[in-house]
Number of protein chains: 6
Amino acid sequence: MSTLKTTTQVNGDSSSSIVRATIVQASTVYNDTPKTIEKAEKLIAEAASNGSKLVVFPEGFIGGYPRGFRFGIAVGIHNEDGRDEFRKYHASAIHVPGPEVDKLAELARKNNVYLVMGAIEKDGYTLYCTALFFNSEGRFLGKHRKVMPTSFERCIWGFGDGSTIPVYDTPIGKLGAAICWENRMPLYRTALYGKGVELYCAPTADGSKEWQSSMMHIAMEGGCFVLSACQFCQRKDFPAHVDHLFTDWYDDQHDEAIVSQGGSVIISPLGKVLAGPNFESEGLITADLDLGDIARAKLYFDVVGHYSKPDVFNLTVNEHPKKPVTFVSKTVKAEDLRV
Amino acid sequence: MSTLKTTTQVNGDSSSSIVRATIVQASTVYNDTPKTIEKAEKLIAEAASNGSKLVVFPEGFIGGYPRGFRFGIAVGIHNEDGRDEFRKYHASAIHVPGPEVDKLAELARKNNVYLVMGAIEKDGYTLYCTALFFNSEGRFLGKHRKVMPTSFERCIWGFGDGSTIPVYDTPIGKLGAAICWENRMPLYRTALYGKGVELYCAPTADGSKEWQSSMMHIAMEGGCFVLSACQFCQRKDFPAHVDHLFTDWYDDQHDEAIVSQGGSVIISPLGKVLAGPNFESEGLITADLDLGDIARAKLYFDVVGHYSKPDVFNLTVNEHPKKPVTFVSKTVKAEDLRV
Amino acid sequence: MSTLKTTTQVNGDSSSSIVRATIVQASTVYNDTPKTIEKAEKLIAEAASNGSKLVVFPEGFIGGYPRGFRFGIAVGIHNEDGRDEFRKYHASAIHVPGPEVDKLAELARKNNVYLVMGAIEKDGYTLYCTALFFNSEGRFLGKHRKVMPTSFERCIWGFGDGSTIPVYDTPIGKLGAAICWENRMPLYRTALYGKGVELYCAPTADGSKEWQSSMMHIAMEGGCFVLSACQFCQRKDFPAHVDHLFTDWYDDQHDEAIVSQGGSVIISPLGKVLAGPNFESEGLITADLDLGDIARAKLYFDVVGHYSKPDVFNLTVNEHPKKPVTFVSKTVKAEDLRV
Amino acid sequence: MSTLKTTTQVNGDSSSSIVRATIVQASTVYNDTPKTIEKAEKLIAEAASNGSKLVVFPEGFIGGYPRGFRFGIAVGIHNEDGRDEFRKYHASAIHVPGPEVDKLAELARKNNVYLVMGAIEKDGYTLYCTALFFNSEGRFLGKHRKVMPTSFERCIWGFGDGSTIPVYDTPIGKLGAAICWENRMPLYRTALYGKGVELYCAPTADGSKEWQSSMMHIAMEGGCFVLSACQFCQRKDFPAHVDHLFTDWYDDQHDEAIVSQGGSVIISPLGKVLAGPNFESEGLITADLDLGDIARAKLYFDVVGHYSKPDVFNLTVNEHPKKPVTFVSKTVKAEDLRV
Amino acid sequence: MSTLKTTTQVNGDSSSSIVRATIVQASTVYNDTPKTIEKAEKLIAEAASNGSKLVVFPEGFIGGYPRGFRFGIAVGIHNEDGRDEFRKYHASAIHVPGPEVDKLAELARKNNVYLVMGAIEKDGYTLYCTALFFNSEGRFLGKHRKVMPTSFERCIWGFGDGSTIPVYDTPIGKLGAAICWENRMPLYRTALYGKGVELYCAPTADGSKEWQSSMMHIAMEGGCFVLSACQFCQRKDFPAHVDHLFTDWYDDQHDEAIVSQGGSVIISPLGKVLAGPNFESEGLITADLDLGDIARAKLYFDVVGHYSKPDVFNLTVNEHPKKPVTFVSKTVKAEDLRV
Amino acid sequence: MSTLKTTTQVNGDSSSSIVRATIVQASTVYNDTPKTIEKAEKLIAEAASNGSKLVVFPEGFIGGYPRGFRFGIAVGIHNEDGRDEFRKYHASAIHVPGPEVDKLAELARKNNVYLVMGAIEKDGYTLYCTALFFNSEGRFLGKHRKVMPTSFERCIWGFGDGSTIPVYDTPIGKLGAAICWENRMPLYRTALYGKGVELYCAPTADGSKEWQSSMMHIAMEGGCFVLSACQFCQRKDFPAHVDHLFTDWYDDQHDEAIVSQGGSVIISPLGKVLAGPNFESEGLITADLDLGDIARAKLYFDVVGHYSKPDVFNLTVNEHPKKPVTFVSKTVKAEDLRV
């Protein structure tokens, strides 16, 4: 596993602090959540040993991003294999909170890093594509559930609501996340901007060249650091028995064939690529973020400040949790206790 | 095209009126909306000639239900053929209102029938699975957009909101619709019950045996007539160039292979199957609905009346239209005028 | 007493566990609660000896379901015989908690089974149709009181409130119950779904063919195992002196005449009938429940997850106990904490 | 003046139409509005002779974009030269409507093209950076005033309000514009998306490489064709007497020095660069736009359709004109007539 | 009669035109309107002979400003002398239109000047303090009636309404007027600004030093030329019989005593005093107005343009004529069409 | 540091109270906010020791008014030095509320004065030019954000909205503020008048002679005391490294060169200059304000009272806060807590 690292010029001015951040570009150990967390443990430790204070993992790192899978589904069609494929995928997902979340919090504490982890969360039998946030004291801060999955993802993941669009005001900057094509949603992004995001994490599964344009655009639009994390996966990282699902999509089915090409990148608010993109291997993408660049950039464009036009444009973000059923009771209820 | 028809016993009691209703079990002319409407024209005329006052078509009859299609989509994967497939599918969809809606209104008027038509609606570039309602005077009453597509459908259709869940109070009874697996949604159904639905139309693409159980259950749960309409399609009804998409799903790809087996059925509030199900061919499913059966059934169970328990269970249905962008202006704007 | 039993294929995948469950289809020993409990003891032991971990009894098994009784009541009419009939029926009912409940708890512990028991509960002089829940360690978990009796039942039973709609999160799955036509109540069912019910018990007195449709529908709607338990009763199972009450209903008054035909059934979340229905005799209906089927089914439809539409439909369940008289003091009341 | 032209593959499917569009990358004739319009006349004619149906000019083409000018202004500081510089700049600006607008309408008609023209508009003594829209029949459709100038521009231009954010539904597609860093405003863009923009014109003065990323991002975000038009200007295109203002900014003050490097580009909704960017000279940038690409792209992402999340995010656009003084009167007033 | 005259530097730039304007600082011939008009005739001719294109007279030049008069009025007190004084004052006032107005129009035509004349207008028996506007072709453009008299003036003059607040768009600039302390009314001034006033005439009776501050402020606030005209009067200019009325006010009652000290002044939009103030004698105050100064000034401050804040501040001016009695008929009334 | 002080004649009339007020004419300690506050501490103490109850500081005293800076900005041009200059300027600005605000409140309390302080406020990365208000009990009353910056200021400051135009009703009079050229905005001033301002504070950076005219005019227009506070700065008060930015503007770059000449002044409602202007040095400008002068002046002119003309002129002030993004939620959100 190679490590990309960018050093930054020393800034003698005390008003401008530097934060070292690392993106992990690595693959899930598919269908094996314990081993995936072991892998995360090593990667976090390596990033921390490089001096990083923030470590960002890709979308679905825990639980996996089943690229090319079809779960036996076409329009109006299901099949038995697909159902069982989903059962296994559901089994690899984690509860939030839950033991895996506790473990990740411990890793953040031990390595003294802020951690943003992409995970597949299960809530009952619906899965969510989630980003988990931890501070360097080992506290689980909360989560963001992707509000709108893309295309086929809608067959396997549910929809987040407005109650989990956090931006955390931390000592290393204001930290938030947009997952994959949420990054294409101008109103979602504006919600993050409205909360003051400075460290804009973009766990993704989009490894295209065009994605780089979006990351560059967002860095300048939002006046924030963009940290895009994508898995680098090869055919061998996926289970053998889904081979036939790949047939239509990949010419090359040998073990080394690249299924997700990464492209993780860190870009400054001024539109400077600080580290990456890496399209060739797993690796750590590291850069020193000069937080003073945010003010430098916002002199010209502050999307929710002087360059907003609030007498014309008003975005309302409904943060109420949306639940199909709400139970109202004053008393302690038996069913809340595990028996 | 054969026609199934059920005659009903004459009811001498003047307090109980009879409505003859017909379900059309037929296939879209795929990728050819004008010919599909021509086909509808003939079927409506035939139903009307049998004395029917209500004609119900299946889900997506106009525009088509692309069973087995995959639009080049798997998790995290797209392709060019799929994109073009969608472009054609979008081209077959209709605007509501629009010329096709006008044509259908004219057919309702000419044949003096209430008409419920399943259609693929386009609004900009998002498609919706919609049911259109017309009265026998040729007036377009309104529409219902399916609120939650099923599985792969979410890749090609958008989501309706609460503003199009109509129940129309007509001289032949209160008329509403639930499309396909909306019939599985207890809260959606309860919304229809809450509006007093008596003629519960269920345009669907689900031709399974289990579907019959749901229709029976709903007739009794809702104390209403259930009219389930499903297409009967064979391989030859779909375009040749999507053959490969069927490969995984159907052993038998000959022209006569059944792709959608119908199962259209009419059930009374008392749980009596009045006509159908037909699993063998295209056809018209006709029955005389004795509206007196609704009172007969509700003596024992009235889901939104004496058998509700409103001190415990309260359903709120948010009927506000939900739009991503709302424009506020008092003046007529140039851009509202076509140039 | 014959026993129906379905064996299930062994599933080697550790992520998918199997639970053997038994429904008891048997008649109350009318007007004799001690003997009824003795009968229950034997049936539980037999189910346990077959390896079952969950045993479900029909509605009113303890206390009896007085099918065909009229308690001397017509509109605006009472009589003395009816009053005394009620006195005896009240005498057969049990207090909850109370000695019979303790006995049932002991049976659950001894046989190491989870137990769901239909019982007629008395609270003062009002009777309730109740389901009692016990865990396999012999602990009484709580109860569900039927919230809305059906038709004539309203002359002899009271109405439950929202405080007893439990779903217990147990090692064998999430366990809840809907009694008889509560199964027709979409909002009641949604309350159970909202609590995550996986083992949906349906003690009932409805032995109709149409009931099977509802059970099938609920299994698919809820994505849960449905375990429907109904008494199989013959004329001889009822006291002689109520004969005249049957006159209107049954042509055949001989001792073997079937008064309640059973139809107990177990259905999987995928809509597969795993055991039953038995319409011919008392018996045990047993099946192995592959809990992995829940995830398999919810891939396509999760009624309170990805397929809910909470921005439109919101159900509120008021779980406050509703009492006509409330005494206010400052101390914490034990009953609020009993689980 | 060189001409870049892209030919597109012929599409035999009648549902997908092709529109040829040209961007004009050329410099204002500074301080000489009549000659600037003469220059426009030639460029429009050339584009039309190439078969283009849509011609788009850069920001401030009429009136000029005074790059590098400082109008004698620093914080809290003015001077006399700067005031007179502004007086001349004001003199070069045009009234809308007015004779120059009439002339442009005539050019559109004569060349049978839709025309989008960047102009400096004067309304009283405040200037606005405006885009003018004309149809191919020579009708002035309306205008868009830039809502928020960038940095120093705020010293010389006023602020548009919400009343001029048009999207015109024309036979060649839905036509709208965002000027320069309005393209960075996510809510402004979403307003255009909400009106269904298909031909998204981006007259700009930003010729940076990073601008290309924003154009690419917007094409994909909006699912629309992006046509970015920027002036190509050299030192000699500006008046001699502002030399000293350039001193701090440009090393090279010779006549050929590039002051605005262009970078005009046309990108498809699928993220494909169809023509340009040209960073080297004045020129016409031409491409054939396959409107079917919009549907192809929106299959996956429809920013105001299936991929919006309107239960969470709602943008309100206030289109009321905002005027400091409103006069209310029923009668014809003398002062409205020129005397 | 001396004449103050400021010459202005020649401006070679054709975009910036020069207008020569003259203020007349002279006294009414009290109680003798014909002679007052004769005096005006001479003064206009002199101004015209100096090349002026605009001539502005003080408040009440025709009819007189009865400084120091008390009309026998104190709180709750009248007397006969005062009544007769008013009768004479009323007699000196003019009808608008009327023969004096015709005469003034003729003078404007003959001298080829725009003319703004202060006059006491009578409408029935109420007097108004009015400014009359004439173009250089001898056309009476219209009038402004002072909307709010000051203090004692309220005992002798009525109140104008919103229907006479004109600004005339003339070849020499946009022409309007505010009379005396209307110049202190920020909303009145803003109404003129909103109509684009460029030649802001201020006929007044305020000859204080503080008045100069207001004129300076308004020139900069409005970005307009301010032409303030005040009578220069001595004791001898007033009738003898009002002597006692002066007792309280002036120490010095000799004939040469100054009753109104003038202070007429012309100020540019940049805050430069172009001519005056003259506090010593009757005279003509003349200056060349470089209209380019308006743009030069509005670069920094445009009160109804870039420096307004119309999302916060909105002034509504009700221009409906307000009459105590309105007669309704169907015919178009000539007065509504007079311009 | 010299101190100018005006004593006022003793007023024996008990109905008219006297308030001693001091304007601070002093320079920011540029780029050093802690030292600037230390300097404020001394100046407030000195004013208080003179008996003042109200102390008013100039525009941008905290944070600084960067006169002559250009932040590397021309039309369409930025540079790196300018960006970093802004970063430092941003670092010197303060949060409101925040520790510096707390410190100022403490100073007001300790010295028992009302305090109006000009400050550069930061809200995210946009700066605002703000006036802070404190009462003599040490309570922070609120703030006014300048609604419209002037010319180049628009490149570095955002725009206030209508929600911060306070007038505080205090025991020493009604206290409000207009910053710099807001004093030129007739509608802004009228808003303050409408709220009854009596102590009209005008923190400014305009030290011109013409400014004195505006202050005089406003005192008479508003019938209020005007307290204008402007910094007195020399070249040495600014950092060395911005020298080149001054080159175009100042002939004289020696350390003692005057960059901001002050001109702070106090004027009574009757148009009497009570203290100042001082154009020569830093200093305290002190006067005793006889509040009875307000009534004395309003006898003749009450801009929002008897001299308004509300049947014609109506100003609407929109005080709604305007925010680009609004978050709606009932629950406490994790992100609201600092971690």
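Residues numbered from 1 in each chain as written. Chains lettered and ligands numbered in written order. Predicted model: local features only at pLDDT ≥ 70, side-chain atom pairs only at ≥ 80, totals over all residues. Heavy atoms only, no water.

Chemist: How would you explain the overall build of chain A if you had to name every residue and give the values?
Modeler: When helices and strands are tallied, chain A shows 8 helices and 17 strands. Looking at the 339 residues of chain A, the share that counts as buried comes to 69%. Contacts in chain A between residues far apart in sequence, at least 24 positions, make up 70% of those at least 6 positions apart. Put simply, chain A shows about 10100 Å² of open surface, and 48% of that area lies on carbon and sulfur atoms. (Helix = DSSP H or I, 4+ residues; strand = E, 2+ residues; numbered from the N terminus. Buried < 20%, exposed > 50% of the residue type's maximum accessible area, 1.4 Å probe, protein only. Contact = heavy atoms within 4.5 Å. Areas by Shrake-Rupley, 256 points an atom, 1.4 Å probe, with all protein chains shown as cover.)

Chemist: I'd like a rundown of the interface of chain A and chain D, residues and numbers included.
Modeler: On the side of chain D, 48 residues touch chain A, which itself brings 48 residues to the contact. With both chains or domains summed, chain A and chain D bury close to 4000 Å², and 63% of this area falls on carbon and sulfur atoms. Considering only the surface of chain A that becomes buried against chain D, Arg184, Tyr307 and Phe313 of chain A emerge as the three largest contributors, covering 19% of it. The closest approach of N and O atoms between arginine 189 of chain A and glutamate 221 of chain D, which form a salt bridge, is 2.6 Å. Counting the contacts that link chain A with chain D gives 20 residue pairs in polar contact (both at pLDDT 80 or more). If you list the elements that add at least two residues to the side of chain A that touches chain D, you get α5 (186-194), α6 (209-222) and β16 (313-318) of chain A. Broken down by class, the residue content of the side of chain A that touches chain D amounts to 22 nonpolar, 15 polar and 11 charged. Relative to strand β16 (residues 313-318) of chain D, β16 of chain A is paired through 5 bridges, and the arrangement is antiparallel. Counterpart to threonine 316 of chain A in the pairing with β16 of chain D is asparagine 314 of chain D. (Buried area = accessible area lost by both parts, 1.4 Å probe. Salt bridge = Lys/Arg side-chain N within 4 Å of Asp/Glu carboxyl O. Polar contact = N/O pair within 3.5 Å; in protein donor to acceptor, adjacent residues only side chain to side chain. Nonpolar A, V, L, I, M, F, W, Y, C, P; charged D, E, K, R; others polar. Pairing = 2+ DSSP bridges.)

Chemist: How would you explain the sheet that holds strand β16 (residues 313-318) of chain E if you had to name every residue and give the values?
Modeler: Pairing is mixed in the open sheet, where 3 strands are placed in the order β17(D)-β16(E)-β15(F). Of all strands in the sheet, those bounded by a partner on one side alone are β17 (325-328) of chain D together with β15 (313-317) of chain F. Strand-to-strand twist across the sheet, computed as the mean angle between neighbouring axes with direction ignored, equals 20 degrees. Judged from the 4 bridges that link them, β17 of chain D and β16 of chain E form a sheet pairing that is parallel. Within β16 of chain E, the residue paired with valine 328 of chain D across the bridge is asparagine 318 of chain E. Lying over the sheet, helix α4 (residues 186-194) of chain E contacts β17 of chain D, β16 of chain E together with β15 of chain F, oriented at roughly 90 degrees with respect to β17 of chain D. (Axes fitted to C-alpha atoms, helices over the stretch in contact; angles between N-to-C directions.)

Chemist: Outline the packing of aromatic side chains, supporting the account with residue identities and numerical values.
Modeler: Counted according to the given criterion, the structure contains 88 aromatic pairs over all chains. Their ring planes at 40 degrees and their centres at 4.5 Å tell us that phenylalanine 301 of chain A and tyrosine 307 of chain A sit as a pair that is tilted. Its relative accessible area of 0% is what places tyrosine 307 of chain A among the buried residues. Ring geometry for phenylalanine 57 of chain D versus phenylalanine 61 of chain D: centroids 4.9 Å apart, planes at 50 degrees, classification tilted. Considered together, phenylalanine 57 of chain D and phenylalanine 61 of chain D belong to a single accessibility category, that of buried residues. Ring pairs connect the aromatic residues Tyr30, Phe69, Phe71, Phe86, Tyr89 and Phe238 of chain A, which therefore count as one cluster. Above the plane of the ring of phenylalanine 279 of chain B lies lysine 209 of chain B, whose end atom (NZ or CZ) is 3.8 Å from the centre. Lying across the ring of tryptophan 181 of chain F, arginine 184 of chain F places its NZ or CZ 3.8 Å from the centre. (Phe/Tyr/Trp six-rings, centres within 6.5 Å; stacked < 30°, edge-to-face > 60°. Lys NZ or Arg CZ within 6 Å of the ring centre and 35° of its normal.)

Chemist: I'd love a proper account of the relation of the copies chain A and chain D, names of residues and values included.
Modeler: Between chain A and chain D, which share one sequence, the superposing operator has a rotation angle of 180 degrees and an axial displacement of 0.0 Å; the RMSD is 0.1 Å. Such a combination of rotation and displacement between the chain copies is what one expects of a two-fold axis. Same-surface contact between copies: 100% of interface residues of chain A are shared with the interface of chain D. (Least-squares fit on C-alpha atoms with pLDDT ≥ 70 in both.)

Chemist: Tell me about the packing of α4 of chain E against helix α4 (residues 186-194) of chain F, residues and numbers included.
Modeler: Direction vectors running N to C along α4 of chain E and α4 of chain F enclose 160 degrees, while the axes themselves pass 9 Å from each other. Classified by the angle between their axes, α4 of chain E and α4 of chain F sit roughly antiparallel to one another. As for how α4 of chain E packs across α4 of chain F, the hand of that crossing is left-handed. Here Pro186, Leu187, Arg189, Thr190 and Tyr193 of chain E of α4 of chain E come into contact with α4 of chain F, specifically with Pro186, Leu187, Arg189, Thr190 and Tyr193 of chain F. Class assignment for the residues of the contact of α4 of chain E with α4 of chain F results in 6 nonpolar, 2 polar and 2 charged. (Parallel < 35°, antiparallel > 145°, perpendicular 65-115°, else oblique. Left-handed = near helix turned anticlockwise from the far one by under 90°.)

Chemist: How would you summarise the interface of chain B and chain C if you had to cite specific residues and measurements?
Modeler: Residue-level contacts link 48 residues of chain B with 48 residues of chain C. Across the chain B/chain C interface, buried area totals approximately 4000 Å², and carbon plus sulfur atoms make up 63% of it. Taken as a group, Arg184, Tyr307 and Phe313 of chain B account for 19% of the area that chain B buries against chain C, more than any other trio of residues on that side. Taken together, chain B and chain C are joined by 4 salt bridges. Put simply, aspartate 311 of chain B and lysine 322 of chain C hold a salt bridge, and the shortest N to O gap is 3.8 Å. Summed over the shared surface of chain B and chain C, the result is 20 residue pairs in polar contact (both at pLDDT 80 or more). At the level of elements, α5 (186-194), α6 (209-222) and β15 (313-317) of chain B are the ones that each hand at least two residues to the side of chain B that touches chain C.

Chemist: Any details on the environment of alanine 74 of chain A? Residues and values, ideally.
Modeler: Position of alanine 74 of chain A relative to the elements: it lies in the loop between β3 (54-56) and α2 (80-92). Separated by 81 residues in sequence, alanine 74 of chain A and cysteine 155 of chain A place their C-alpha atoms 9.9 Å apart.

Chemist: Could you give an account of the sheet that holds strand β13 (residues 264-267) of chain A, naming the residues involved and the relevant values?
Modeler: All names here are of chain A. Overall, mixed pairing links the 6 strands, which are arranged β7-β8-β9-β10-β13-β14 in an open sheet. Because the sheet does not close on itself, it has two edges, and the strands there are β7 (167-170) and β14 (273-278). Averaged over all adjacent pairs, the angle separating strand axes in this sheet is 15 degrees, with direction ignored. As paired strands, strand β9 (residues 199-204) and strand β10 (residues 225-230) are joined by 6 bridges and run parallel to one another. Bridge pairing links cysteine 201 to leucine 227 in β10. Sheet contacts for α5: β7, β8 (173-177) and β9; angle to β9, the most-contacted strand, approximately 145 degrees.

Chemist: An account of the UniProt feature "active site" (unreviewed entry) in chain A is requested, with residue identities and associated values reported.
Modeler: Residues and elements named next belong to chain A. Per the UniProt entry, the sites bearing "active site" (unreviewed entry) are Glu59 in this numbering. Here glutamate 59 shows up in the loop between β3 and α2. Note on glutamate 59: relative accessible area 1%, which makes it buried. Polar side-chain contacts of glutamate 59 include one of 2.8 Å to the side chain of lysine 146. (UniProt positions renumbered as here; feature names shortened; annotations may be inferred.)

Chemist: Give a description of the relation of the copies chain B and chain C that names residues and reports values.
Modeler: Mapping chain B onto chain C calls for a rotation angle of 180 degrees and an axial translation of 0.0 Å; the resulting RMSD is 0.2 Å. Taken as a fraction of all interface residues of chain B, those also at the interface in chain C reach 100%, which identifies the copy contact as same-surface.

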